[in-house]
Amino acid sequence: MIDKTLQDLKALVAVASADRAPDVIIEGGEVFDVFTGEIFPGDLWIYGNWIAYVGERKGKIGEGTTVVDARGLVAVPGYIDAHGHADMFFNPATFSDVAVTKGTTTVFSDSHDLMSCLGPKGFVEVLRKARHFNIKYLWGVPAAYPPYPEVEGGEMFSIYDIWDLFSRHPECASVSEVSSYLRIIRNEDEILERMLLARSLGKNVEGHTLGASYDRLNALVAAGITSCHESIRPADLKNRIRLGLYTMVRHSSIRSDLEELGPAINALPNDSIILVSDGIFADDLMFRGYMDHIVGEAIRFGLEPRHAIRMATINPARYFKVDSEVGSLTPGRIADVLLLESLDRPVPVKVFERGSLAAEAGKLTRRPSPELEVGVEFYPYAFSSVEASEFVVERTGLETVPVIDIVDRTVTRRMDVALPRHCNIILPDRKGDVRKIMYSRREQKKWGQGFLHGFGADCGGIASTVAHETHGLLVHGFNDDDMALAANTVLAMKGGIAVVDAGKVLHALRLPLGAIMSRVPLPELDRALRKLVDLLHSLGNTLDDPLWTMGFLPFTSIVELRITVSGTYDVRKGSIVF
């Protein structure tokens, strides 16, 4: 993660031998040993980015040595999120500036959204800048995106792109979660070749095995899957551990599984169990916390504090094969140190990241991360405007239409509805809350058509360039002119979300980075997102997070109906139904 020179190594040995003064001494406190589970009195000596010594010996203090009083505090390693998403309206730079204040110093960002909105060249630009962010990143590389290219507009990346990223960038640690695991079960050459390539290079392969039976899990593990974060029942947890998977338990904005799984975790060996977020929204990150909150919730639901902290430090470090660099407070490791009041109070008082004070009392104490400048030029739209006539839906011979019905934040179901018509043109039903929904990829204007029920916001048109996982252009509404105005508004902004009614733009949120991310700091972004959600709620939407639900409508790996460039897709059947 950070290369040592011979000069660095010699200096570390000199500091550890007390022949040279450390840069930082954290003294007078206690240290948590993730290996034995013990807490012992000891000081930490830091040289540059690394820990040089841990123990009770008193170090040499030089003119440039910073001495930190840790009396009454316990030092633990910086938290690691082994399955995060740093590209959810915020961007990896602004995310890191808040994450570090919560004690998270390393994040594996499962980057299928980031790479699919920027392409490989734009993604490399992020990798280049990320070395200077306020946390350290490991990255996922998509094996195949979109999940089902035959219905979602074709494969975005070549196997050469994947090889190039893994070969040239060691921080690319794993294949991103393979949500289309049915392609593995079907023994498709293309996805298996990409997994085989990754494993031959020593990389992990993240699983997304929601709903997979024990027998299917056998096939997925045989193919090379190394982890899964989709355990929602105790049996899921046990099955995955039994088959040798690192098993990730998530608890944050998308799902909160710790209360259900806590007793099962306590009944199982926990050396392959990892606590993760699987994504956290801006407001939760700001006001609830990050891995500090997740560790705290694990403790609240019955896990021993020492086990919970291991599941957010040494366990993920071992999984990603970086335990020689992070995950423990031991000599030679990167000096990511959290000072806590006690193990059962995991919110850090002070955060040291790469050997320097990064945060204190929840506030960033060093410069913000360098800004990202990655617009849509890396994966541009092939069109700059749309016409209202493009949203006309014309069909013959259908008595009813299969409609995407929103069930909850991510799940949909099919409902068949007799919609009003004008000749062969199928019309939306505003009173019945059945609106048109259209989706196009960026590289060509090709509209997949469908109808949507349950969104609830009574307005003429909404458009968004946030459309998990291909991030094309998603448009839905009741009025073709309003839908076109919404679409043209976000195209003119080079990315974002627009809400339109009666020919008027009610709100527009700019997302200029890759057309899915804002460049503003998180507090400002949180206010902007709240304003947009409040508007949608005032228009009649009752979903707890309408932006998340809307962004997931094109995602073809969760049941039941989804909108794609080919039309309305039935996930269970694996076919286009409209």
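Worth saying up front: this structure is predicted, and the values here are computed from it rather than measured.

Asks: Quick one: what's the story with the overall build of the protein chain, residue by residue and with numbers?
Replies: Along the protein chain, the regular secondary structure elements total 17 helices and 33 strands. The C-alpha atoms of the protein chain give 25 Å as radius of gyration, which agrees with the globular expectation for 578 residues (25 Å, within 12%). Carbon and sulfur atoms provide 50% of the accessible area of the protein chain, an area that totals close to 21400 Å².

Asks: Describe helix 7 (residues 189-200), listing the residues and the values that go with them.
Replies: End to end, helix 7 covers 16 Å across twelve residues, agreeing with the expected 16 Å (1.5 Å per residue, within 8%). Of the positions making up helix 7, those classed as buried are Ile191, Arg194, Met195, Leu197 and Ala198. Mapping the buried residues of helix 7 onto a view down its axis gives an arc of 155°, with all of them on the same face. Across from the buried face of helix 7, at angles greater than 90 degrees, the exposed residues are Asp189, Leu196 and Ser200. Those residues of helix 7 hidden inside the fold are in contact with helix 5 (159-168), strand 11 (172-178), helix 6 (181-185), strand 12 (204-207) and helix 8 (214-223). Two residues or fewer past helix 7, Gly202 is found with a positive phi of approximately 80°.

Asks: Would you mind going over the nonpolar core in detail, with residue names and values included?
Replies: Counting 127 residues, the largest nonpolar core has Phe95 and Leu275 as its most contacted members. In terms of residues, this core owes the most to one element, helix 3 (residues 112-130), which gives eight residues. Residue contacts for Phe95: discarding those within four places in its chain leaves Ala86, Phe90, Val107, Ile135, Tyr137, Ile280, Leu285, Tyr290 and Leu522.

Asks: Break down the packing of helix 5 against helix 7 for me, citing the residues and quoting the values.
Replies: The N-to-C vectors of helix 5 and helix 7 enclose an angle of 15°; their axes lie 10 Å apart at closest approach. Classified by the angle their axes make, helix 5 and helix 7 are roughly parallel. Judged by the sense of rotation from one axis to the other, the crossing of helix 5 with helix 7 is right-handed. Within the contact between the two elements, helix 5 uses Ile159, Ile162, Trp163 and Phe166 and helix 7 uses Glu193, Arg194, Leu197 and Ala198.

Asks: Can you explain the sheet that holds strand 3 (residues 39-41)? Please cite residues and give values.
Replies: Sheet architecture is open: seven strands sit in the order 3-2-7-16-17-18-19, paired in mixed fashion. Strands at the two margins of the open sheet, each flanked by one partner only, are strand 3 and strand 19 (363-364). Note: strand 16 (residues 337-340) against strand 17 (residues 350-353), three bridges, orientation antiparallel. The residue of strand 17 that forms the bridge with Leu338 is Val351.

Asks: Give a detailed account of the state of the cysteines, specifying residues and quantitative values.
Replies: Within this structure, the stated rule accounts for zero disulfides. Cys172 carries a free sulfur, and the closest cysteine sulfur to it, the one in Cys117, is 15 Å from it. Residue classification places Cys172 among the buried positions, given a relative accessible area of 0%.

Asks: Please provide a residue-by-residue account of the packing of aromatic side chains, values included.
Replies: Going through the model one piece at a time under the given rule, you end up with 17 aromatic pairs. We note Arg57 situated over the ring of Tyr53; from NZ or CZ to the ring centre the distance is 4.8 Å. When the ring centre of Phe578 is taken as origin, the NZ or CZ atom of Arg395, which lies over that ring, is 4.2 Å away.

Asks: Give a description of the environment of Arg240 that names residues and reports values.
Replies: By the element assignment, Arg240 lies in helix 9 (residues 234-242). Taking the C-alpha atoms as reference, Arg240 lies 9.2 Å from Val221; in sequence the two are 19 residues apart. A distance of 3.1 Å separates the side chain of Arg240 from the backbone oxygen of Asp236, its partner in a polar contact.

Asks: Can you explain a nonpolar patch on the surface? Please cite residues and give values.
Replies: The grouping of Tyr160, Trp163 and Leu201 at the surface amounts to a nonpolar patch, some 300 Å² of accessible area in total. When you line up the elements, Leu201 lands in the loop between helix 7 and strand 12. Residue Leu201 is classed as partly exposed on the basis of its relative accessible area, which comes to 35%.

Asks: Summarise the environment of Thr104; cite the residues concerned and give the values.
Replies: If you trace the backbone, Thr104 turns up in strand 9 (residues 104-109). Judged by relative accessible area, which is 0%, Thr104 ranks as buried. Distance from Thr104 to Arg20, taken between C-alpha atoms, is 30 Å for residues 84 residues apart in sequence. With near-sequence residues (within four places) excluded, Thr104 lies in contact with Tyr79, Asp81, Ala99, Ile135, Tyr290 and Met291.

Asks: Residue-level account of the sheet that holds strand 30 (residues 504-510), with values.
Replies: Adjacent strands of a sheet pair through backbone hydrogen bonds, lying either parallel or antiparallel. A sheet is described by the order of its strands in space; here eight strands give the open sequence 22-21-26-25-28-27-29-30, paired in mixed fashion. The sheet is open, and its two edges are formed by strand 22 (412-417) and strand 30, each paired on a single side. Sheet twist, expressed as the mean angle between neighbouring strand axes with direction ignored, is 25°. By the bridge criterion, five bridges tie strand 25 (residues 434-440) to strand 28 (residues 473-477) in an arrangement that is antiparallel. Bridging across to strand 28, Ile437 finds its partner in His476.

Asks: Please give an account of unusual backbone geometry that cites residues and values.
Replies: Here the bond from His468 into Glu469 is cis, since omega is 15°, no more than 30 degrees from zero. Cis peptide bonds are those with omega within 30 degrees of zero, and the linkage from Val559 to Glu560 qualifies with 10°. When you line up the elements, Glu560 lands in the loop between helix 17 (546-552) and strand 31 (561-564). A positive phi is found at Asp433, a non-glycine position, where the angle reads about 60°. Following the sequence through the fold, Asp433 ends up in the loop between strand 24 (425-426) and strand 25. When its relative accessible area of 16% is taken as the criterion, Asp433 is described as buried.

Asks: Any chance you could break down the environment of Asp408 for me, citing the residues and the numbers?
Replies: The topology assignment puts Asp408 in the loop between strand 21 (401-406) and strand 22. Expressed as a C-alpha distance, the spacing of Asp408 and Val141, which sit 267 residues apart in the sequence, is 29 Å. In this structure the side chain of Asp408 is engaged in a polar contact, spanning 3.0 Å, whose partner is the backbone nitrogen of Thr410. Of the polar contacts made by the side chain of Asp408, one reaches the backbone nitrogen of Val411; its length is 2.8 Å.

Asks: Which residues make up the pattern of salt bridges, and what values do they have?
Replies: Under the defined criterion, the tally for this structure stands at 37 salt bridges. When the shortest N-O distance is used, the salt bridge between Arg183 and Glu190 registers 3.4 Å. In this structure, Glu443 engages Arg441 in a salt bridge whose closest nitrogen and oxygen atoms are separated by 2.7 Å. Judged by its relative accessible area of 35%, Glu443 falls in the partly exposed class. Shared partners join several salt bridges into a network, and the residues in it are Glu155, Arg183, Arg186, Glu188, Glu190 and Arg194.

Thresholds, definitions, all that
Residues numbered from 1 in each chain as written. Predicted model: local features only at pLDDT ≥ 70, side-chain atom pairs only at ≥ 80, totals over all residues. Heavy atoms only, no water. Helix = DSSP H or I, 4+ residues; strand = E, 2+ residues; numbered from the N terminus. Rg over C-alpha atoms; globule rule 2.2 N^0.38 Å. Areas by Shrake-Rupley, 256 points an atom, 1.4 Å probe, with all protein chains shown as cover. Expected span 1.5 Å × (residues − 1). Buried < 20%, exposed > 50% of the residue type's maximum accessible area, 1.4 Å probe, protein only. Arc of directions from axis to C-beta. Contact = heavy atoms within 4.5 Å. Core = buried A, V, L, I, M, F, W, Y, C linked by side-chain atoms within 4.5 Å. Axes fitted to C-alpha atoms, helices over the stretch in contact; angles between N-to-C directions. Parallel < 35°, antiparallel > 145°, perpendicular 65-115°, else oblique. Left-handed = near helix turned anticlockwise from the far one by under 90°. Pairing = 2+ DSSP bridges. Disulfide = S-S within 2.5 Å. Phe/Tyr/Trp six-rings, centres within 6.5 Å; stacked < 30°, edge-to-face > 60°. Lys NZ or Arg CZ within 6 Å of the ring centre and 35° of its normal. Polar contact = N/O pair within 3.5 Å; in protein donor to acceptor, adjacent residues only side chain to side chain. Patch = residues over 30% accessible without salt bridge, like charges linked within 9 Å, V, L, I, M, F, W, Y side chains within 5 Å. Salt bridge = Lys/Arg side-chain N within 4 Å of Asp/Glu carboxyl O.

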